[in-house]
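# An overview of the molecular structure
The residues making up each chain are set out below.
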Amino acid sequence: MNKKEVLELKRRFKKEAATFTRVCGCYVDGNHNKVCKFGNTFLNLEEDEFYKYLEIANKALSGTIGNNLLELKFPIEEEEVGGRQHILMALRASKLEDENLLDTFYDLVIDTYDHAGNYLIVLFHDAYDVMSRTSDNNNLDESEEVYEYLICAICPVDLSKPGLGFLEEEHRIGPRVRDWVVGAVDTAFLFPAFNDRSTDIHSTLFYTKNTKEPHSEFMANGLGCGIERTATEQKMAFHSIVRNVLGAEDEHTDDVLLDLQQNLSDMIDEYAETHDDDEDVFLLDKEVVTKLLADSEISEEKAAKIEKSVDEAFGEKPPAAENVIDSKALVQNELRVEKMALEDQVGTLTVQLNEKDEALAERTSQLIEKQEEIDNYIAETKTYDVVLRVKPEKASQIKSQVINGQKCLVIPMGEDEHATINGVNTTV
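Now for a look at the structure at hand. Note that the structure is predicted; figures quoted are calculated from it, not measured. Counting starts from 1 at the beginning of each chain's written sequence and moves along it residue by residue. The predicted nature of this model means local features are confined to residues of pLDDT at least 70 and side-chain atom pairs, given and counted, to a pLDDT of 80 or more, with totals for whole chains, interfaces and linings taken over all residues. No hydrogens and no water enter the side-chain calculation; it runs on all heavy atoms of the structure.

Quick look at unusual backbone geometry now. Going from Phe 191 to Pro 192, the amide bond is cis rather than trans, its omega being -10 degrees. The helix and strand labels rest on DSSP assignments: H or I over at least four residues marks a helix, E over at least two residues marks a strand, and numbering proceeds from the N terminus. Looking at the secondary structure, you find Pro 192 in the loop between β9 (187-191) and β10 (193-195). A positive phi angle, near 55 degrees, is found at Lys 95, a position not held by glycine. Relative to the helices and strands, Lys 95 is located in the loop between α3 (84-93) and α4 (99-112). Phi at Glu 297 is positive, roughly 60 degrees, even though this residue is not glycine. In this fold, Glu 297 is placed in the loop between α8 (286-295) and α9 (300-314). Think of it in three bands: with a 1.4 Å probe and only protein chains considered, a residue is buried below 20% of the maximum accessible area for its type, exposed above 50%, and partly exposed in between. Judged by its relative accessible area of 73%, Glu 297 falls in the exposed class.

A few words on the packing of α3 against α4. All axes are obtained by fitting lines to C-alpha atoms, using only the stretch in contact for helices, and the reported angles, taken between N-to-C directions, cover 0 to 180 degrees. Close contact between α3 and α4 brings their axes to 10 Å; oriented N to C, the two are set at 140 degrees. Every pair of crossing elements has a handedness; the one defined by α3 and α4 is left-handed. Counting all contacts with α3, which are made through Arg 84, Leu 88, Ala 90 and Leu 91, the residues of α4 involved are Leu 101, Leu 102, Phe 105 and Leu 108. Charged residues are taken to be Asp, Glu, Lys and Arg, nonpolar residues to be Ala, Val, Leu, Ile, Met, Phe, Trp, Tyr, Cys and Pro, and polar residues to be all remaining types, Gly included. Residues belonging to the contact of α3 with α4 are distributed by class as follows: 7 nonpolar, no polar and 1 charged. The crossing is said to be left-handed when, going from far helix to near helix, the turn is anticlockwise and less than a right angle, and right-handed when the turn is clockwise. Throughout, a residue-residue contact means that at least one pair of heavy atoms, one from each residue, lies within 4.5 Å.

Position of Arg 92 among the secondary structure elements: in helix α3. Lys and Arg are tallied as positive, Asp and Glu as negative. Neither His nor the chain termini are counted. Here a salt bridge means any side-chain nitrogen of Lys or Arg lying within 4 Å of a carboxyl oxygen belonging to Asp or Glu. In this structure Arg 92 is buried but unpaired, with Glu 148 as the nearest side chain of opposite charge at 4.7 Å.

Another point: helix α6 (residues 231-246). A helix is expected to reach a length of 1.5 Å times the quantity of its residues less one. Between its first and last C-alpha, α6 extends 23 Å over 16 residues, near the 22 Å set by a 1.5 Å rise per residue. Here α6 has its buried residues at Ala 231, Thr 232, Gln 234, Ala 237, Phe 238, His 239, Ile 241, Val 242, Val 245 and Leu 246. In the core, the buried residues of α6 are packed alongside α7 (253-274), α8 and α9. Phi turns positive one or two residues past the end of α6, at Gly 247, with a value near 105 degrees.

Structure (structure tokens):
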């Protein structure tokens, strides 16, 4: 069954559209004893009950196809006399009016449903006049067939939480009475399945609230069908295989898993671009697993171990690739990639800054050396009374001469030559 077919049935589970003919049930205690049984014409229920039972029926067909809702196939032997499918066929034909058949079914559930506490088994019977539809999904005013079906829902029954309340007779606040309350649907099934908007007596649609630990024992023993993994179980199994091979304690395992998730997501997107049919599911088969592990750069030795374990875990029923995708992991991987990119940018900037620091250090060293030369020169010049700085070609022209009884230095000057004395331009 697909989402549209499920929603087509659920749209009828409303006050103005419901056509359930009968609702029956059995309350079972923690010791597997049938505490009480009931059966009523659905439309005769009191308003509060009516809405509560509609809520249970709605919940029995809720959730995601392939995760909360699994289509199970009956083996041929279960369709023979005495088989589980044969019992359901008889129960449907009785329209829930046969007490012996109901007891047989309740006993079957009690013997095969593994639950430690109290629970309620609820059965609905309905007949849906399926209208023909045009290509644009508009209903025609003529019937294709009458789809007669059962819904079975199993709900835990627990004591209400302790608390304080107003005790009206005693006119005081005190501990309120704890009641046994029917909880949300835990496990359910629709029989027969509504495939292609038609009765499929060879299949049933199974519902589980807990996708990590569905009641697989009830699938196998209560309904007589093969066990189907939920999408959550498939994801957990695949991730567990990869972790065990790569090493659960290895610090790089989480990064490899994130790469696997991203690569698989990319493969799914590429497949979707060339396959428009929603029914054409991209499966995680051997070929896909091999390519995925190669793209993720996992060693040949470990890749071979993973491929073998995946084949043993899923056999001839490879999961849909999207079932092993963890959307949270994809978001985490995006953040990881962004972090790595930022770290690369920081590393590049650090190298550039280090290079600039080295150049600056070298220039500073040169300036310090130059300053030391100047300081040394100044220190040396302080030991002389006269210090001259002239052009090299002028040095050879300097002579000493006694003038007016004093020894003087004579520097010949041309008419176009100028002199600077102590930094001051001087005309000679």
